[in-house]
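Chains, contacts and geometry: an overview
Chain residues, written in single-letter form:
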Amino acid sequence: MSQRQITFEILRYDPETESEPRFQAYCVPCEEEWVVLDALNYIKDNLDGTLSYRWSCHMAVCGSCGMMINGEPMLSCKAFVRDFPNGGSIRVEPLTHFPIERDLVVVMDDFMDKLQAVKPYVIPKKKRTVEDGTYKQTPKQLHQYQQYSMCINCMLCYAACPQYALAPDFIGPAALALTHRYNLDSRDHGRPQRQEVVAAHEGVWECSFVGACSEVCPKDVDPAGAIQQMKIASTVDWYLEHLMPWRRK
Amino acid sequence: MSRNPYVREVPRTTWYMRNRRYIRYMLREVTCVFIGLYAASLTVGLVRLAQGPGEWAVYVNGISSPSGLLFSLLALGFACYHSISWFNVTPKAMRIPRGDDFVPGPAIISAHYIIWGVVSLVFLLMMGVL
Ligand code: SF4
Ligand code: FES
């Protein structure tokens, strides 16, 4: 198995002793099949135990290892070092558009708040009891929302979204994609409750359809698509409400 | 342990220079300015037409001058870029159910080109160009 020496330039920030972040370089002997996360683990275990970063599954499932790698938002457990240009160094920074807590760890409070705001869970029409039995869903009904249910909350889409950077109140790609996911679910009747957030200015209308979120999403969720579809649905709502007032409940 | 999160500022006027995706997006958006200018030029033409044959001739001379032609050519190029970049993202906004699945993206994009072609043909026929 071939090994290659790669220099990793990592953005470090110690909130207790430093006033701003700085780059620190580490030379890592990388194996052919390594991902960037392996290199970070190597640094942590062998070179510098103070390096902080989040990770858990090492298989693109938990969504905790998102970082900027050579300027691109990526899951560090999915970014193979062999895919980066030979001889060059690899630059690793915390996800952009989020405040840095420490080193590669970002503050995700804003994202968590937004996620909660859209009520990302099934809201049934009437409460179901155990006696009522399980929900039934046809493959077709599942297919309606399945793509949007693949989100792992990695926040890469927020790091890719220039709109989120310019207008931080924007609910943002993943939270809106999840809204769509539940709205499309045949078991769910919570759309009217979510609509207040979706149809607000900070909701879908803040999106100018750059489409970067869908390009960086490691799970092919396509948040940009979800948002455009919700724009259309919200517009239809508006017309129905204003042109056919008798429909108003 | 004390918290002291560090906020990285985003340049507010040059943000779109940060990567290729943003530049591509800006191009798509900026090209609509030329479409707007072309529409304005057409409106002026209508006004001139209403004003009489003399004014109309001046307008026609203007748009068939080298700079007028260059403008039309530029506007056409940008209109094509604008339309193509929008056509390519239409499948994202349109999920058309077909059986248990959805109509595939390439089919939706092709449909847009076909409609574009047909509408253009009808107009060219109406204007007697073809
Ligand atoms: S939509 Fe994609 S990029 Fe955004 S949080 Fe979910 S999985 Fe990550
Ligand atoms: S470590 Fe879980 S997604 Fe990368």
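**A short note on the overall build of chain B**
- Looking only at helices and strands, one finds 5 helices and 2 strands in chain B.
- Listing the helices and strands of chain B from first to last along the sequence gives α-α-α-α-β-β-α.
- For a compact globule of 130 residues, the expected C-alpha radius of gyration is about 14 Å, and chain B comes in at 22 Å, more than 25% above that figure.
- Principal-axis analysis of the C-alpha atoms gives chain B an extent of 80 × 45 × 25 Å.
- A burial count over chain B gives 18% of its 130 residues as buried.
- Partitioning the contacts of chain B with sequence separation of at least 6, the portion at a separation of at least 24 is 43%.
- As displayed, chain B has an accessible area near 9,000 Å², and 72% of this comes from carbon and sulfur atoms.

**Thoughts on the overall build of chain A**
- Looking only at helices and strands, chain A has 9 helices and 7 strands in total.
- Principal-axis analysis of the C-alpha atoms gives chain A an extent of 70 × 40 × 35 Å.
- Here chain A, with 249 residues, has 49% of them falling under the buried criterion.
- Excluding contacts between residues fewer than 6 apart, the proportion of contacts in chain A whose partners are at least 24 apart in sequence is 64%.
- Here chain A has roughly 12,200 Å² of accessible surface; of this, 53% comes from carbon and sulfur atoms.
- Each charge class in chain A was averaged separately, 26 positive and 32 negative side chains, and the resulting centres sit 12 Å apart.

**Here we look at the interface of chain B and chain A**
- Counting residues at the interface gives 26 residues for chain B and 45 residues for chain A.
- For the chain B and chain A pair, buried surface summed over both sides reaches about 3,000 Å², with 50% attributable to carbon and sulfur atoms.
- Where chain B touches chain A, the interface holds 6 salt bridges.
- For Glu 101 of chain A, the salt bridge is made with Arg 3 of chain B, and the minimal N-O distance between the two is 2.9 Å.
- Taken together, the connections running from chain B to chain A amount to 21 residue pairs in polar contact (both at pLDDT 80 or more).
- When contributions to the side of chain B that touches chain A are tallied by element, the ones reaching two or more residues are helix H1 (20–51), helix H4 (90–93) and strand E2 (101–102) of chain B.
- It is H1 of chain B that contributes the most residues to the side of chain B that touches chain A, 5 residues altogether.
- Among the residues making up the side of chain B that touches chain A, the classes are represented as 12 nonpolar, 3 polar and 11 charged.

**A few points about the sheet that holds strand E2 (residues 22–31) of chain A**
All names here are of chain A.
- Reading across the sheet, the 5 strands line up as E2-E1-E5-E3-E4 and stay open at both edges, with mixed pairing between neighbours. The open sheet has two free edges, formed respectively by E2 and strand E4 (72–75), since each of these has just one partner strand. Mean inter-strand twist for the sheet, computed between neighbouring axes without regard to direction, equals 35°.
- For strand E1 (residues 3–12) and E2, the ladder comprises 10 bridges, and the chain directions are antiparallel. Looking at the pairing, Arg 12 lines up with Arg 22 of E2.
- Relative to the sheet, helix H1 (residues 36–47) contacts E1, E2, strand E3 (66–69) and strand E5 (90–93), its axis offset from that of E2 by approximately 105°.

**A look at the site of ligand 1**
- Every residue lining ligand 1 is accounted for by Cys 151, Ile 152, Asn 153, Cys 154, Met 155, Leu 156, Cys 157, Ala 174, Cys 217, Pro 218, Val 221 and Pro 223 of chain A.
- Taken together, the residues that form the shell around ligand 1 break down as 11 nonpolar, 1 polar and no charged.

**So, the state of the cysteines**
- Under the criterion given, the structure shown has 0 disulfides over all chains.
- You can see Cys 32 of chain B has no disulfide; the closest cysteine sulfur is in Cys 80 of chain B, sitting 15 Å from it.

**A few points about the packing of helix H6 (residues 173–183) of chain A against helix H7 (residues 191–198) of chain A**
All names here are of chain A.
- Where H6 meets H7, the closest approach of the two axes is 10 Å, and the angle between their N-to-C directions is 160°. For the element pair H6 / H7, the angle class is roughly antiparallel. Relative to H7, H6 is oriented so that their crossing is left-handed. For the pair formed by H6 and H7, the contact residues are Leu 176, Thr 179, Tyr 182 and Asn 183 on the first element and Arg 191, Arg 194 and Val 198 on the second.
- The residue inventory of the contact of H6 with H7, partitioned by class, reads 3 nonpolar, 2 polar and 2 charged.

**Focus on the domain arrangement of chain B**
- The domains assigned to chain B are domain 1 (9–78) and domain 2 (94–130).
- Spacing between the C-alpha centres of domain 1 of chain B and domain 2 of chain B amounts to 25 Å.

**Examining the nonpolar core**
Residue and element names in this part refer to chain A.
- Counting residues in hydrophobic clusters, the biggest one holds 69 residues, and the most contacted among them are Phe 8, Ile 10 and Val 36.
- Not counting chain neighbours up to four residues away, the residues in contact with Phe 8 comprise Gln 24, Ala 25, Tyr 26, Val 28, Cys 30, Val 36, Ala 39, Ile 43, Val 81, Ile 90 and Val 92.
- Ranked by size, the runner-up nonpolar core spans 5 residues in total, among them Tyr 148, Cys 217, Val 221 and Ala 226.

**Looking at the confidence of the model for chain B**
- Per-residue pLDDT for chain B has a mean of 93; in total, 99% of the residues score no lower than 70.
- At the level of chain-chain contacts, confidence expressed as ipTM amounts to 0.88, with global pTM at 0.92.

**Some thoughts on the packing of helix H3 (residues 66–87) of chain B against helix H5 (residues 105–126) of chain B**
- Orientation of H3 of chain B relative to H5 of chain B, taken along the N-to-C sense of each, is 145°, at an axis distance of 9 Å. The segment H3 of chain B lies against H5 of chain B, with Cys 80, Ser 83, Ile 84 and Phe 87 of chain B engaging Ile 109, His 112, Tyr 113 and Trp 116 of chain B.

About the thresholds
Residue numbers restart at each chain and count upward from 1, following the sequence in its written direction. Chains and ligands are labelled by the order in which they are written, letters from A for the one and numbers from 1 for the other. Predicted model: local features are reported for residues with pLDDT of at least 70 only, side-chain atom pairs are reported and counted for 80 or more only, and whole-chain, interface and lining totals are derived from all residues. Think of the side-chain values as coming from all heavy atoms in the structure, minus any hydrogens and water. Helix and strand definitions here come from DSSP, where helices need a minimum of 4 consecutive H or I residues and strands a minimum of 2 consecutive E residues; each element is numbered from the N-terminal end. Atoms counted for the radius of gyration: C-alpha only. Globule rule: 2.2 Å times residue count to the power 0.38. Classification of residues uses two cut-offs on accessible area relative to the type maximum, computed with a 1.4 Å probe and protein chains only: under 20% is buried, over 50% is exposed, and between them is partly exposed. Contacts are assigned to residue pairs that have any heavy atoms within 4.5 Å of one another. Per-residue and other accessible areas were derived by the Shrake-Rupley procedure at a 1.4 Å probe size, with only the shown protein chains allowed to occlude residues. Only four residue types enter the tally: Lys and Arg on the positive side, Asp and Glu on the negative side; His and the chain ends are excluded. Here the site of a charge means atom NZ of a Lys, CZ of an Arg, CG of an Asp or CD of a Glu. By buried area we mean the combined loss of accessible area, with a 1.4 Å probe, across both parts when two parts are placed together. Think of a salt bridge as a Lys or Arg side-chain nitrogen and an Asp or Glu carboxyl oxygen that are within 4 Å of each other. Whenever two N or O atoms come within 3.5 Å, that pair is a polar contact, provided that in protein one can donate a hydrogen and the other can accept it, and provided that, for residues adjacent in sequence, both atoms are side-chain atoms. Note that Gly is not counted as nonpolar here; it falls among the polar residues with everything else outside the nonpolar set of Ala, Val, Leu, Ile, Met, Phe, Trp, Tyr, Cys and Pro and the charged set of Asp, Glu, Lys and Arg. Two strands qualify as a pair provided that DSSP identifies no fewer than 2 bridges between them. Only the stretch in contact is used when fitting a helix axis, every axis being a line fitted to C-alpha atoms; angles between N-to-C directions are given from 0 to 180 degrees. Nearness is defined per residue: one heavy atom within 4 Å of the molecule or strand is enough. Counting rule for disulfides: a pair of cysteine sulfur atoms within 2.5 Å. An angle below 35 degrees is read as roughly parallel, one above 145 as roughly antiparallel, one from 65 to 115 as roughly perpendicular, and any other as oblique. Put simply, a crossing is left-handed when the front helix is turned counterclockwise from the back one by less than a right angle, and right-handed when it is turned clockwise. For the purposes of this description, domain bounds are those given by an automatic or database domain assignment. Side-chain atoms within 4.5 Å are what join buried Ala, Val, Leu, Ile, Met, Phe, Trp, Tyr and Cys residues into a set we call a nonpolar core. One confidence number per residue, pLDDT, is output by the predictor and ranges from 0 to 100.

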